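A look at the structure
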Amino acid sequence: SLNFSADCNAVLKALQPIFQEQGMTETVHNWEDHGYLATYIKKNGSFANLRIYPHGLVLVDLQSYEDHTKGRDEVDQLLNKVEERMKELFHGNIRRVKRLPAILRGGVIDRYWPTADGRLVEYDIDEVVYDEDSPFQNIKILHSKQFGNILILSGDVNLAESDLAYTQAIMGSGKEDYAGKEVLILGGGDGGILYEIVKLKPKMVTMVASNIDQMVIDGCKKYMRKTCGDVLDNLKGECYQVLIEDCIPVLKRYAKEGRMFDYVINDLTAVPISTSPEEDSTWEFLRLILDLSMKVLKQDGKYFTQGNCINLTDALTLYEEQLSRLYCPVEFSKETVCVPSYMELY
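Residues numbered from 1 in each chain as written. Predicted model: local features only at pLDDT ≥ 70, side-chain atom pairs only at ≥ 80, totals over all residues. Heavy atoms only, no water.

One non-glycine residue, Ser-154, lies in the positive phi region at around 50°. Mapped onto the elements of the fold, Ser-154 is located in the loop between strand 9 (148-153) and strand 10 (156-160). Despite not being glycine, Lys-201 has its phi angle at roughly 60°, a positive value. Among the secondary structure elements, Lys-201 is positioned in the loop between helix 4 (192-198) and strand 12 (204-208). For Lys-201, a relative accessible area of 62% translates into the label exposed. (Helix = DSSP H or I, 4+ residues; strand = E, 2+ residues; numbered from the N terminus. Buried < 20%, exposed > 50% of the residue type's maximum accessible area, 1.4 Å probe, protein only.)

Let us look at the sheet that holds strand 2 (residues 35-41). Spatial strand order, 1-2-3-4: four strands in an open sheet with antiparallel pairing. Every other strand in the sheet has two partners, leaving strand 1 (25-31) and strand 4 (58-63) as the edge strands with one partner each. When strand polarity is set aside, the average angle formed by the axes of neighbouring strands in this sheet is 10°. Strand direction decides the pairing type here: strand 2 and strand 3 (residues 47-52), joined by six bridges, are antiparallel. Of the residues in strand 3, the one forming a bridge with Ile-41 is Phe-47. (Pairing = 2+ DSSP bridges. Axes fitted to C-alpha atoms, helices over the stretch in contact; angles between N-to-C directions.)

Here we take up the pairing of strand 1. Relative to strand 2, strand 1 is paired through seven bridges, and the arrangement is antiparallel. Within the sheet, the bridge partner assigned to Trp-31 lies in strand 2 and is Gly-35. As consecutive antiparallel partners, strand 1 and strand 2 are separated by three residues, and within that stretch Asp-33 has a phi angle of approximately 70°, a positive value.

All right, on to the packing of aromatic side chains then. Here the structure, examined in full by the defined rule, presents nine aromatic pairs. Seen from their ring centres, Tyr-263 and Phe-304 are 6.3 Å apart, and the 10° between their planes marks the pair as stacked. On the criterion of sequence distance, the pair formed by Tyr-263 in strand 14 (residues 261-267) and Phe-304 in strand 15 (residues 297-305) is long-range, its members being 41 residues apart. Overall, Tyr-263 belongs to the buried group, its relative accessible area being 6%. The rings of Tyr-166, Tyr-342 and Tyr-346 are connected pair by pair, giving a single aromatic cluster. Positioned above the aromatic ring of Tyr-53, the side-chain terminus of Arg-51 is 4.1 Å from the ring centre. Taking the ring centre of Tyr-327 as reference, the NZ or CZ of Lys-295 above it sits at 5.6 Å. (Phe/Tyr/Trp six-rings, centres within 6.5 Å; stacked < 30°, edge-to-face > 60°. Lys NZ or Arg CZ within 6 Å of the ring centre and 35° of its normal.)

So, about the side chain of Asn-138. Its location among the elements puts Asn-138 in strand 8 (residues 138-144). A residue is classified by how much of its surface remains accessible, and Asn-138, at 17% relative accessible area, is buried. Contact partners of Asn-138, with chain neighbours within four places excluded, come to Asp-131, Glu-132, Asp-133, Ile-152, Leu-153 and Ser-154. (Contact = heavy atoms within 4.5 Å.)

Mapped onto this numbering, the UniProt entry gives "active site" (unreviewed entry) at Asp-267. Its place among the elements puts Asp-267 in strand 14. When sequence neighbours within four positions are dropped, the list of residues in contact with Asp-267 reads Tyr-166, Ile-170, Leu-186, Gly-187, Gly-188, Asp-190, Ile-193 and Gln-306. (UniProt positions renumbered as here; feature names shortened; annotations may be inferred.)

A few words now on the pairing of strand 9. The two faces of a sheet get side chains in turn, since along a regular strand they alternate between them. Counting buried positions along strand 9 gives six out of six residues, so the element sits mostly inside the fold. In textbook terms, the turn of a hairpin is the stretch between consecutive antiparallel strands, and for strand 8 and strand 9 this stretch comprises three residues. Judged from the four bridges that link them, strand 9 and strand 10 form a sheet pairing that is antiparallel. Within the sheet, the bridge partner assigned to Ile-152 lies in strand 10 and is Val-157. Hairpin geometry of strand 9 and strand 10 is characterised by an intervening segment of two residues between the two adjacent antiparallel strands and by a positive phi of about 50° at Ser-154.

Take a look at the structure:
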C-alpha cells in the first residue's frame, strides 16, 4: 500500500522480471483508470495474480498445489523479491506491507470456521475425530491442539473440551445452589451442563433435546468425555433423566400438568442474528421457547441462556426487546465471558 497514486505501468514493468525468471507465462489485462491485472502461470500449475490499482494498492496472490517445505520456500523467496523490488522502486513511500499466511484449501482437515459475527478463524485442528450426517444436521468432532475435541454442528462451533467457562456461565457462574432443586435443561446434547449440575446434588434434572438427535449424544459420550463425563452413558441416573424428544411438546405437556422447575437452562440454538424479528421464524421459535419456559418456571425461579457474541449488538438488543413481550413480566441481567474455543467474548 503506497502513500500516493501509483504509475501502474511502471509497477508492472518493475515486477515482470521476477515472475519471468520463474519461467511463468504472462497474461496482462489493462482497464483504463482501473489499473492492471497480470497473471503468471508455471508449468507445474502454480500461478500468481498481480493486481495493481491506480490509487496505490498492489496485491500479489499465489496459489500452489505443493504443500512441502521446498514449495513454501519458493513462495517466500518470490514474495521477498517482490517486496525488495517495490522498496527499490518507491524508496520510503510504501505505507504498509502485509503478508498473510497461506490458506489451505481442499485439505482432509478443515481448519477454517467463522465466528458468530462473521470473522474467519483458523483453528489448530489436526484430526477429524467424528464426522456423521444425522437426519437433522452434520455432526463433527474435531481435535484442536489448544482446545481439545470441538463439537461442530452444521458448521457452527458449539463447544470444546476447553470451554468450561461457557458451562459455568450458563449455570449462573457458581452463584446458584442447585442442591435439592428441580432443573430443566433444553438442548445441551453435549452433556456438559448435565454433568456439572449432577455434581451439585439436585433433586432431579430433566434434559430434553430440541431436535431429537440421538447421534449428537452418541458422538459426545464417546469423544467428548472430558466435557460430559459418564452422564450420557445412560439416559437415566439417580437424579437425572435425558429425553430424546422435541422440547416444545414436552414444555406444553409440563405446563398443562402444572409441573414447575426451580431452574430452566436453555442451551438450544444460539440467538438469531437476523435483525428482522417479525419476519424471521427463528425469532418466533425463540419467543415460543421463552413463553413456554416461563409457564413451567416457579415464581422465584431462574432462566439461564446464552446470548451471543458481544459484537452482535443489534441481535442482542432485539433479544432483550423480546423479553418485554412475554405474557408475564421478567427481570434480567447479563454477564460477559470469554469462551476459549469461540475466540470471542460472549
